[in-house]
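Summary of the model geometry
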Amino acid sequence: MSLSKSVSFARAAISNAAIRNIHGLGVDLVYVPRITALLYRKPVYLAKFSQRILHEAEYVRATSMIDCRERHDLFIARCWAIKEALFKSLDNGRQSCFQMRDWNTIDPTSSRPTVSGGSINKDEAFFVTVTHDGDYLLAAVIRGQSEEMSQ
Ligand SMILES: CC(C)(COP(=O)(O)OP(=O)(O)OC[C@H]1O[C@@H](n2cnc3c(N)ncnc32)[C@H](O)[C@@H]1OP(=O)(O)O)[C@@H](O)C(=O)NCCC(=O)NCCS
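Residues numbered from 1 in each chain as written. Predicted model: local features only at pLDDT ≥ 70, side-chain atom pairs only at ≥ 80, totals over all residues.

Moving on to the overall build of the protein chain. Counting secondary structure elements, the protein chain contains seven helices and five strands. Considering the protein chain as a whole, with its 151 residues, one finds that 26% of them fall into the buried category. Long-range contacts, defined as pairs at least 24 residues apart, comprise 66% of the intrachain contacts of the protein chain with a sequence gap of at least 6. (Helix = DSSP H or I, 4+ residues; strand = E, 2+ residues; numbered from the N terminus. Buried ≥ 20, exposed ≤ 12 C-beta atoms within 10 Å, placed from the backbone. Contact = placed C-beta atoms within 7 Å.)

Right under this line is the structure:
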């Protein structure tokens, strides 16, 4: 990630009024060819891995991309990285019952990554960002208190 990207991410996180108290931060860096190798090691792995980590809505999106393997694999890597970062942002109690497939990282109204589903509390807000360059993809998640609840 370039320095300018990381600086703009930090600025966005600080200036965005939708989040107040920060309770958790998670980051994950994925080497995309490692995910690709995992997906195609055996014919059944793609379906098994996808069903284990993808939310229903993500599974539908991934299936629609299957003809362009590069895009498809990058999408799976993106979902993986966001959920690993999300996991790291959660407290121990919620980590112990964390299931990747319970969480959806797609916002149907926007291309911005997000998190929904899972065990989101009503007083929580999540900020999600992703960047990739070549074979590497990075996701970061901030978990905080939602604006409505902090007023
Ligand atoms: C704990 C976990 C997040 C570590 O990820 P990883 O890819 O092995 O390693 P990373 O390099 O990304 O992260 C390692 C760092 O995460 C941090 N970390 C470790 N456990 C953590 C936890 N429970 N919460 C937050 N951060 C944690 C540590 O700083 C660690 O650094 P260290 O190894 O120098 O101590 C991961 O192994 C895991 O358990 N994920 C669970 C989510 C899940 O369901 N995964 C898919 C299963 S199909």
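Moving on from the coordinates now.
Another point: the site of the ligand. If you check the shell around the ligand, you find D28, R52, E84, F87, K88, Q95, F98 and M100 and nothing else. When residues in the shell around the ligand are grouped by element, the largest group, three residues, is from helix α5 (residues 69-89). A class-by-class count of the residues in the shell around the ligand yields three nonpolar, one polar and four charged. (Near = placed C-beta within 6 Å. Nonpolar A, V, L, I, M, F, W, Y, C, P; charged D, E, K, R; others polar.)

Turning our eyes to something else, we now look at the confidence of the model for the protein chain. As a general rule, the predicted coordinates of low-pLDDT regions are not to be interpreted in detail. The share of residues in the protein chain with pLDDT of 70 or more is 84%, and the mean pLDDT across the chain is 89. When pLDDT is averaged over each element of the protein chain, α5 comes out on top at 98 and helix α1 (residues 3-15) at the bottom at 50. (pLDDT = per-residue confidence, 0-100.)

Moving on, we come to the pairing of strand β5 (residues 136-146). Here strand β4 (residues 124-133) pairs with β5 via ten bridges, running antiparallel. By the bridge assignment for β5, E124 is matched with Q145. Hairpin connection between β4 and β5: a loop of two residues separates the two successive antiparallel strands, and G134 in this loop has a positive phi of roughly 60°. (Pairing = 2+ DSSP bridges.)

Time to look at the nonpolar core. Counting residues in each nonpolar core, the largest one holds 25 residues, and the members touching the most others are A77, W80, A81, I82 and V141. In contact with A81, other than residues within four places in its own chain, are D28, V30, V130, L137, L138 and A139. (Core = buried A, V, L, I, M, F, W, Y, C linked by C-beta atoms within 7 Å.)

Let us look at the packing of helix α4 (residues 56-64) against α5. Axis angle and axis distance: for two packed helices, these are the angle between their axes and the distance between the axes, and together they describe the pair. Put simply, α4 and α5 touch, their axes get as near as 9 Å, and they point 160° apart. Considering the angle they form, α4 stands roughly antiparallel to α5. Crossing geometry of α4 relative to α5 is assigned as right-handed. When α4 is examined against α5, the residues E58, R61 and A62 are found in contact with a partner set consisting of H72, F75, I76 and C79. For the contact of α4 with α5, the residue count by class is four nonpolar, one polar and two charged. (Axes fitted to C-alpha atoms, helices over the stretch in contact; angles between N-to-C directions. Parallel < 35°, antiparallel > 145°, perpendicular 65-115°, else oblique. Left-handed = near helix turned anticlockwise from the far one by under 90°.)

Within the secondary structure, M100 sits in the loop between α6 (92-95) and β2 (103-104). Assessed through the 19 C-beta atoms surrounding it within 10 Å, M100 is described here as partly exposed. As a C-alpha pair, M100 and C79 span 21 residues in sequence and 9.0 Å in three-dimensional space.

On to the environment of F98. Note on placement: F98 falls in the loop between α6 and β2. Exposure remark for F98: the 14 C-beta atoms within 10 Å place this residue in the partly exposed category. C-alpha separation for the pair F98 and G118, spaced 20 residues apart in sequence, amounts to 8.1 Å. Not counting residues up to four positions away in its chain, the partners in contact with F98 are F87 and L90.

Tracing the backbone shows R101 in the loop between α6 and β2. By the C-beta count within 10 Å, which is 18 here, R101 ends up partly exposed. Sequence-wise, R101 and R52 are 49 residues apart; in three dimensions their C-alpha atoms are separated by 6.0 Å. Those residues in contact with R101 that sit more than four places away from it in its chain are R52, I53, L54 and H55.

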